[in-house]
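# Summary of structural features
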Amino acid sequence: MSESNSSSSRVTWEGCSVLLDINDGDRLVFARLSPAAKLKIGNKNCSLQPLIGRAFGTVFQVDTAPNGPYLSPAQVNVNNAEEIGDGQGNNEMDKVNVNNAAQARDGEVNVESRDNRALVDNNTAQSLTGEDIEAMRRQGARGNEIIEALIANSATFEKKTSFSQEKYRLKKQKKYAPKVLMRRPVARSICEAYFKKYPSKIGFLRVDTLSLLLSMANVSSNSDILVVDMVGGLLTGAVAERLGGTGFVCNSYFGQAPYSMDIVRIFNLSDEICKRILRSPISDLLPKESPEQVLEHDVCNVESQSNDQTSALASMDEISHSSENGISDIGIENTEPAIEIRKAPKAGERPQKEIIDSWRENGFSSLIVAAPELDAWTLVRDLLPLLANSAPFAIYHQYLQPLATCMHNLQLEKMAIGLQISEPWLREYQVLPSRTHPCMQMSAFGGYILSGTKICNSTANSSSNRTVLL
Amino acid sequence: MLASDPAKKNSFNRSINNGDLVIVYERHDNMKAVTVSEGTVLQNRFGIFKHSDWLGKPFGSKVFSNKGGYVYLLYPTPELWTLVLSHRTQILYIADISFVVMYLEIVPGCLVLESGTGSGSLTTSLARAVAPTGHVYTFDFHEQRAGSARDDFERTGLSNLVTVRVRDIQGEGFPDEFTGLADAVFLDLPQPWLAVPSAAKMLKEDGTLCSFSPCIEQVQRSCEVLRTSFTDIRTFEVLLRAYEVREDKLESIEGNGDGSNGSLPCKRRQCSDGGNVMSSPISSVMARPCIEARGHTGYLTFARLRCLI
């Protein structure tokens, strides 16, 4: 992957990862672009080839050609708002009634005189039959033409309020003229897609919570961030993205087997950035102090040495595994496991001894934990000493109590200051002329964060404490 | 504040030197930025602290006053800076700041335009996010405020990442030299809709915009204008609820209701002398939301420049 083919590129390339947003979030698909990759939209199988070399943010529509359906960039009109006023603007992806925006600009008060008194649900409003539509399709009618025909043949369309006319149009558009928006897979879009479709895979980590973790732990270039990521690699990827190929993110784990970080591969991280993602068992990071510990550590090393091979195999396994399974997970379509392996970034190597030594000497710049399955206090107790003095940390958990206990113990042990438990709250608004209000549905819960700053162990007393804890 | 030189990473593990910016921590709600200067003292309710005592100590140290009171000396981060900077305007706080940086998809190397600069609270986090190779150009029409912000960025060591300029963005738009170059634009203006057409001109294809407005009427007007050339228009409100944690003893009831008159709750001390209803109090760690909180900061409206084919 050349440098231009990385997270900063705004145009896709072969082998690049993309997030396909079908019909405004109805379906979210992570895909890796290759000439052979295919995506099923409705009942049509479309090649992803036309997406290669296109700008992120491009909207595609399904067109029909003699040799089958294909994706082509949808024409976007600059004067979209006015066009929609004429009933032509079917390229609009927003859930907005632009018609009304145009009215409001003209200074008209947005008063709707029509209502639903004349609407009767007897299934006779539409005079076009399924066969009619099929016939139109055979004659090569485009989705938009079918929608216009449906509207023209609807006995009730004119009686609907302009709001429900818009709803009707949108519903038909989704069915007959699906839109595919090609998004850049970055921390924001990846987190949102998982949160929407598979929240349990990322420990219900909401995008605002993730953003707070990165801030609270002062993730910045040239820093060495220690993470415990049991949220599929989302955290590791997000940290690596912020480091931009400087510093290191150390994805650490207890025991012998690293935690999955499949999601890292969805980011388009450059090789330079991937090299900065290292994986290490926590036992390797702990200081070697007493003789027994050294001994214990050596044993560990031997074990992990032999484990190295298995884990290398395991990671290969993971990759080919995910190119088949991971895809359907969140709807990733991918066809060529071979390409997949070749293109997979080399993220997650074991750190070299010099790097571990430098971490031991300088301490990590900060710590982020998202480990729903581990006890917060014992984890923090063991990991905090690995941080530099004055280093900030942020611990995510879905439950309040483990963080409360952790915070209380940190206070008692005088290990940290500036301790705070925060619960982020995020509300989205529908903003439309005369119809602005909070969205009807919201995520009621984004988890809790315990944040703070590590302070110096001031006395011998606390260092002896440390030994006991170890 | 940021380690711009890879060789100096983990720089906060080094010790405090003359001229360093430190955050003096008294309590979580009482901190102060101090530039260390040998021969000066810091005086607060805990006594007099000699800066010379601080030299050579690692960041994160506890230091004592002449009266035995103490404070901690912390390495400055954008989060701490937001808590100590001088408020020349209303500022953005951590929840909004974090969300803005994430939602604008700002990563190292990005070029970001901001107006107004205000007190530079957000700017500091934008600078951290674009470092080491990106740049933030921030504009404020208030000459003196721009000057103070510039001094602050000098003090926090961010001046190589941030350029402050005096310009009325609502009136004049962003300078033409940035046309098509910006990855992200942030607007915190009284009439943001006036700056939207210029912002659209500055952005790269698929580039992101955020407008922060306290009032919904501002949001309403901005969204109408945004629809002309932007897509993915979304408005959010983001807040933080903080929790208090304390350990307390709660009476537990030895529970078979054997003739006690059920006059609960009974005071702890009373029960300890002879009452047979209450067992010894159990200590537990409990959490509850803080009583007061910030209820509103502003609405964040995000949009993405529509791709033309």
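Scroll up a little and you will see the structure.
Cut-offs applied
- Residues numbered from 1 in each chain as written.
- Chains lettered and ligands numbered in written order.
- Predicted model: local features only at pLDDT ≥ 70, side-chain atom pairs only at ≥ 80, totals over all residues.
- Heavy atoms only, no water.
- Helix = DSSP H or I, 4+ residues; strand = E, 2+ residues; numbered from the N terminus.
- Buried < 20%, exposed > 50% of the residue type's maximum accessible area, 1.4 Å probe, protein only.
- Areas by Shrake-Rupley, 256 points an atom, 1.4 Å probe, with all protein chains shown as cover.
- Expected span 1.5 Å × (residues − 1).
- Axes fitted to C-alpha atoms, helices over the stretch in contact; angles between N-to-C directions.
- Parallel < 35°, antiparallel > 145°, perpendicular 65-115°, else oblique.
- Left-handed = near helix turned anticlockwise from the far one by under 90°.
- Contact = heavy atoms within 4.5 Å.
- Nonpolar A, V, L, I, M, F, W, Y, C, P; charged D, E, K, R; others polar.
- Polar contact = N/O pair within 3.5 Å; in protein donor to acceptor, adjacent residues only side chain to side chain.
- Pairing = 2+ DSSP bridges.
- Arc of directions from axis to C-beta.

## Brief notes about the overall build of chain B
Within chain B, the secondary structure is distributed over 9 helices and 14 strands. Within chain B, buried positions represent 53% of all 309 residues. Carbon and sulfur atoms form 49% of the exposed surface of chain B, whose accessible area is close to 13700 Å².

## What about helix α15 (residues 400-412) of chain A?
Residues and elements named next belong to chain A. With 13 residues, α15 extends 18 Å from end C-alpha to end C-alpha; this agrees with the ideal 18 Å at 1.5 Å per step. Leu400, Leu403, Ala404, Cys406, Met407, His408, Asn409 and Leu410 are the residues of α15 that are buried. Immediately beyond the C-terminal end of α15, within one or two residues, lies Lys414, with a positive phi of roughly 55°.

## Brief notes about the packing of helix α7 (residues 207-216) of chain A against helix α8 (residues 234-243) of chain A
Residue and element names in this part refer to chain A. Where α7 meets α8, the axes come as close as 11 Å, and the angle between the chain directions of the two elements is 55°. In terms of orientation, α7 and α8 fall into the oblique class. In this structure, α7 meets α8 at a crossing whose hand is right-handed. Touching Leu210, Leu213 and Leu214 of α7 are Leu234, Leu235, Ala238, Val239 and Arg242, all from α8. Considered class by class, the residues forming the contact of α7 with α8 number 7 nonpolar, no polar and 1 charged.

## Focus: the side chain of His51(B)
Residues and elements named next belong to chain B. For His51, the location among the structural elements is in helix α1 (residues 51-54). Judged by relative accessible area, His51 falls into the buried class, the value being 4%. Of the polar contacts made by the side chain of His51, one reaches the backbone nitrogen of Ser37; its length is 2.9 Å.

## Digging into the sheet that holds strand β6 (residues 70-74) of chain B
All names here are of chain B. In space, the 4 strands of this open sheet follow the order β2-β1-β6-β5, with antiparallel pairing throughout. Edge positions in the open sheet fall to β2 (30-35) and β5 (61-64), since each of these has one partner strand only. Direction aside, neighbouring strands of the sheet carry axes that sit 35° apart on average. Across 3 bridges, the pairing between strand β1 (residues 21-27) and β6 is antiparallel. Considered in β6, the bridge of Val24 is made with Leu73.

## A word on helix α13 (residues 353-362) of chain A
All names here are of chain A. Turning to α13, its buried residues are Ile355, Ile356 and Trp359. When α13 is viewed along its axis, its buried side chains cluster within an angular range of 100° and face the same direction. Exposed residues pointing more than 90 degrees away from the buried face of α13 are listed as Lys353, Glu354 and Glu361. At the exit of α13 stands Gly363, carrying a positive phi of roughly 80°.

## Overview of the pairing of strand β5 (residues 59-65) of chain A
All names here are of chain A. With respect to burial, β5 is a largely interior element, 5 of its 7 residues being buried. Taken together, the 3 bridges between β5 and strand β7 (residues 179-183) define a ladder with antiparallel strand orientation. By the bridge assignment, Gln61 is partnered in β7 with Lys179. For β5 and strand β6 (residues 68-73), the ladder comprises 6 bridges, and the chain directions are antiparallel. Across the sheet, residue Thr64 finds its bridge partner in β6, namely Pro69. Counting the residues between successive antiparallel strands, the hairpin from β5 to β6 contains 2 residues.

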